[in-house]
Amino acid sequence: MCGTCCRGLGEGEVFLYKNDIKTLANHLNLKGKSGLREFTKKYLKIINDTFFWRNPKTKKGKTYRFKTLGFKFTGNDEHCHFLKDNKCTVHKARPFQCRAFPIGWNMLINSLRNFKDYSKRCPALQKSLENQGYFYSKNEIIKWARQEYEMEKNFFIKMKKNDFNIFRVYKFLPNDIANK
Ligand code: SF4
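A look at the overall build of the protein
Argument step 1. Of the regular secondary structure elements, the protein holds eight helices and eight strands.
Argument step 2. Here the C-alpha radius of gyration of the protein, 17 Å, is about what a compact globule of 180 residues would show, namely 16 Å.
Argument step 3. Its C-alpha atoms give the protein principal-axis dimensions of roughly 50 × 45 × 25 Å.
Argument step 4. Buried residues in the protein amount to 18% of all 180 residues.
Argument step 5. Taking the contacts inside the protein whose residues are at least 6 apart along the sequence as the reference set, 63% of them involve residues at least 24 apart.

Okay, structure coming up:
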């Protein structure tokens, strides 16, 4: 509960997908398309994303770059709007990325180097390197990481089908949404 992972600190982002947005907007009593629009305008921004995709027919792969949605941060430390006194005020409805940190993050569990690098800023990761804290089995970790991968893949496929136009994928996005 240090709140470090709820701060951008000039380099981090919290990615949100459709279910995350619907759940949070609903939790804040922002209903329907107008509620989603209001939520998006107030709390989200467009950020950059990448995904490596191998075409099943040609077996050729490449990294695609496109847009996705993430939290807007606030204050000098770039904290999440929902962080108060280092506690999440929307804990029950927090996005998948927040629930899955750090065991469901492929970029961390696929690379010890990334894990060690992040641990310099994250006391929880530091403790896990010292064998302290809650133990997650390999199967549990893989389950979380697969879920993350599937979410990212499904979003990528949707974007690809829509010529990477995020306004066609998320029809409720206001035209003047913040763009990083
Ligand atoms: S939604 Fe909650 S857990 Fe996620 S970044 Fe914001 S304050 Fe932190």
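From this point, the discussion proceeds with the structure in view.
Some remarks on the site of the ligand
Argument step 1. With respect to spatial proximity, the complete set of residues near the ligand consists of Cys 6, Val 14, Cys 80, Phe 82, Leu 83, Cys 88, Val 90, Arg 94 and Cys 98.
Argument step 2. Here the shell around the ligand is composed, by residue class, of eight nonpolar, no polar and one charged.

Thoughts on the nonpolar core
Argument step 1. Among the nonpolar cores identified, the biggest contains 16 residues, and Leu 16, Ile 21, Ala 25, Phe 39, Leu 44, Phe 71 and Cys 80 are the most heavily contacted of them.
Argument step 2. The contact partners of Leu 16, leaving out residues within four places of it in the chain, are Ile 21, Leu 44, Leu 69, Gly 70, Phe 71 and Pro 95.

A look at the sheet that holds strand E2 (residues 44–54)
Argument step 1. Taken in spatial order, the four strands of this open sheet run E1-E3-E2-E8, and their pairing is mixed. With partners counted over all chains shown, the strands left at the sheet margins are strand E1 (15–16) and strand E8 (178–179), one partner each.
Argument step 2. Taken together, the two bridges between E1 and strand E3 (residues 61–71) define a ladder with antiparallel strand orientation. By the bridge assignment, Phe 15 is partnered in E3 with Gly 70.

Structural notes on unusual backbone geometry
Argument step 1. The step from Phe 101 to Pro 102 runs through a cis peptide bond, and the omega angle for that step is -5°.
Argument step 2. In this structure, Lys 59 takes a positive phi of about 65° despite not being glycine.
Argument step 3. Here Lys 59 shows up in the loop between E2 and E3.
Argument step 4. One non-glycine residue with positive phi stands out, namely Asn 131, at about 60°.
Argument step 5. For Asn 131, the position within the fold is in the loop between helix H6 (123–129) and helix H7 (138–161).
Argument step 6. Assessed through the 7 C-beta atoms surrounding it within 10 Å, Asn 131 is described here as exposed.

Scoring rules and cut-offs
- Residues numbered from 1 in each chain as written.
- Predicted model: local features only at pLDDT ≥ 70, side-chain atom pairs only at ≥ 80, totals over all residues.
- Helix = DSSP H or I, 4+ residues; strand = E, 2+ residues; numbered from the N terminus.
- Rg over C-alpha atoms; globule rule 2.2 N^0.38 Å.
- Buried ≥ 20, exposed ≤ 12 C-beta atoms within 10 Å, placed from the backbone.
- Contact = placed C-beta atoms within 7 Å.
- Near = placed C-beta within 6 Å.
- Nonpolar A, V, L, I, M, F, W, Y, C, P; charged D, E, K, R; others polar.
- Core = buried A, V, L, I, M, F, W, Y, C linked by C-beta atoms within 7 Å.
- Pairing = 2+ DSSP bridges.

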